[in-house]
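For reference, the chains in residue letters:
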Amino acid sequence: MTDHEINRAIQYVMASTSFGRDTVEAIVKTGMGELADCAMRSSRRFDRDVLLEYVCQWTIKKTGQPEPLVREVLGCAGRWLDDVYAEMAKQQAEQDEASREDEGAEPV
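Residues numbered from 1 in each chain as written. Predicted model: local features only at pLDDT ≥ 70, side-chain atom pairs only at ≥ 80, totals over all residues. Heavy atoms only, no water.

## Observations concerning the side chain of Thr59
Logical step 1: Here Thr59 lies in helix H3 (residues 48-63).
Logical step 2: For Thr59, a relative accessible area of 0% puts it in the buried group. (Helix = DSSP H or I, 4+ residues; strand = E, 2+ residues; numbered from the N terminus. Buried < 20%, exposed > 50% of the residue type's maximum accessible area, 1.4 Å probe, protein only.)

## Quick look at H3
Because an α-helix packs 3.6 residues into every turn, residues spaced three or four apart end up facing the same way.
Logical step 1: Its 16 residues place the ends of H3 22 Å apart at the C-alpha level, agreeing with the 22 Å of an ideal helix rising 1.5 Å per residue.
Logical step 2: Positioned one or two residues after H3, Gly64 has a phi angle of 75°, which is positive. (Expected span 1.5 Å × (residues − 1).)

## Looking at the nonpolar core
A general feature of soluble globular proteins is that nonpolar side chains tend to end up buried together.
Logical step 1: If you look at the biggest cluster of nonpolar residues, it comprises 18 residues, and the most contacted ones within it are Val13, Val24, Ile27, Val28, Val70, Val73 and Leu74.
Logical step 2: Within the residue set of this core, elements represented by two or more residues are helix H1 (3-16), helix H2 (21-41), H3 and helix H4 (67-103).
Logical step 3: If one sorts the elements of this core by residue count, H4 sits on top with seven residues.
Logical step 4: Setting aside residues up to four positions removed in sequence, Val24 forms contacts with Ile10, Val13, Met14, Phe19 and Val73. (Core = buried A, V, L, I, M, F, W, Y, C linked by side-chain atoms within 4.5 Å. Contact = heavy atoms within 4.5 Å.)

Encoded structure:
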């Protein structure tokens, strides 16, 4: 994830919760950083709930923040990530559809 994307996730969480920026930023950067590391070093597919549980436990240990706080922040950040993924999947489907339509066109 880019810094811009991390900042967007932080802003989303802050708008959805009452937690301060420093707290949210530490939790989101730690959790999303570990999530990105997992994606880079593992080819195994994980169930979303299992992965979220792992990232929550990792973040709790790394930040020292209380479990309910970490779960709420990462849960909210996870919803933001789900929304981003859904939008990307929609755009990809539209591009695939446009490509299929172009393949059927006759050359000029």
